[in-house]
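The primary structure of each chain is shown beneath.
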Amino acid sequence: MTTTHTYDVTVEWTGNLGSGTDSYRSFSRDHEVLADGKAGIAASSDPAFRGDSTRWNPEELLVASVAQCHMLWYLHLCAVGGVTITDYEDHAHGVMTMDEGGGGGQITEVVLRPEVAVANASMVEKARSLHGDVPGVCFIARSVNFPITHTPVIRVQED
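Residues numbered from 1 in each chain as written. Predicted model: local features only at pLDDT ≥ 70, side-chain atom pairs only at ≥ 80, totals over all residues. Heavy atoms only, no water.

**Observations concerning the overall build of the protein**
- Tallying secondary structure elements over the protein gives two helices and seven strands in all.
- The order of α-helices and β-strands along the protein, N terminus first, is β-β-α-β-β-β-α-β-β.
- Of the contacts formed within the protein by residues at least 6 apart in sequence, a portion of 65% connects residues at least 24 apart.
- If you sum the accessible surface of the protein, you get close to 8,300 Å²; carbon and sulfur atoms cover 49% of it. (Helix = DSSP H or I, 4+ residues; strand = E, 2+ residues; numbered from the N terminus. Contact = heavy atoms within 4.5 Å. Areas by Shrake-Rupley, 256 points an atom, 1.4 Å probe, with all protein chains shown as cover.)

**Observations regarding the packing of aromatic side chains**
- This model, assessed by the stated rule, comprises two aromatic pairs.
- Arranged with centres 5.8 Å apart and planes meeting at 45°, the rings of Tyr74 and Tyr88 form a pair that is tilted. Of this pair, Tyr74 sits in helix H1 (residues 58–81) while Tyr88 sits in strand S3 (residues 85–98); the two residues are 14 residues apart in sequence, bridging distant segments of the chain. Neither Tyr74 nor Tyr88 differs from the other in exposure class; each is buried. (Phe/Tyr/Trp six-rings, centres within 6.5 Å; stacked < 30°, edge-to-face > 60°. Buried < 20%, exposed > 50% of the residue type's maximum accessible area, 1.4 Å probe, protein only.)

**Here's the deal with the pairing of strand S5 (residues 114–118)**
- The element S5 is extensively covered by neighbouring structure, given that four of its five residues are classed as buried.
- Two strands pair when backbone bridges link them, and S3 and S5 are joined in this way by five bridges, in the antiparallel orientation. Looking at S5, one finds that Tyr88 is bridged to Val116.
- By the bridge criterion, four bridges tie S5 to strand S7 (residues 153–156) in an arrangement that is parallel. What sits directly across from Val118, in S7, is Val156. (Pairing = 2+ DSSP bridges.)

**A short note on the pattern of salt bridges**
- Under the definition given, this model contains three salt bridges.
- A salt bridge links Asp8 to Arg113; the nearest nitrogen and oxygen atoms lie 3.5 Å apart. Of this pair, Asp8 sits in strand S1 (residues 3–13) while Arg113 sits in the loop between strand S4 (105–112) and S5, and the two are 105 residues apart along the sequence.
- With its nearest N and O atoms 3.9 Å apart, the salt bridge here joins Arg128 to Glu125. One end of the pair is Arg128 and the other is Glu125, both in helix H2 (residues 124–130) and three residues apart, which spans about a single turn. (Salt bridge = Lys/Arg side-chain N within 4 Å of Asp/Glu carboxyl O.)

Here it is as structure tokens:
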């Protein structure tokens, strides 16, 4: 029987300095890495492996790293591509599959679910398509051996 473990994190961009990604220098790369019931980035192992459930575990941090790298490259591509992003939040989901003998496992999938706001409706399609360009440049995505998919939701900023 195959066992899986799942990990859910949120990466929230906090770097809108007033004009979003109007230009490459107009926004901060600041963001928060969040998960339900967790404070800071104090670390331990997964509770399934005798870790402290109130601290971040490596699996969550790996999922967060994938989501952070995707977000940072995406914001860059939008800035240089003329797409003004005003809000970005990703509810990323990772799955770890354990070996049948229970002695080990590996991350087998990460799904990114970014919710993005653009400054105006004319930017929606380009904002959506730029997500597809990220895997070719994201350092983390290029470094892992499991599939990373993304299902972005693009909305127009509410005035």
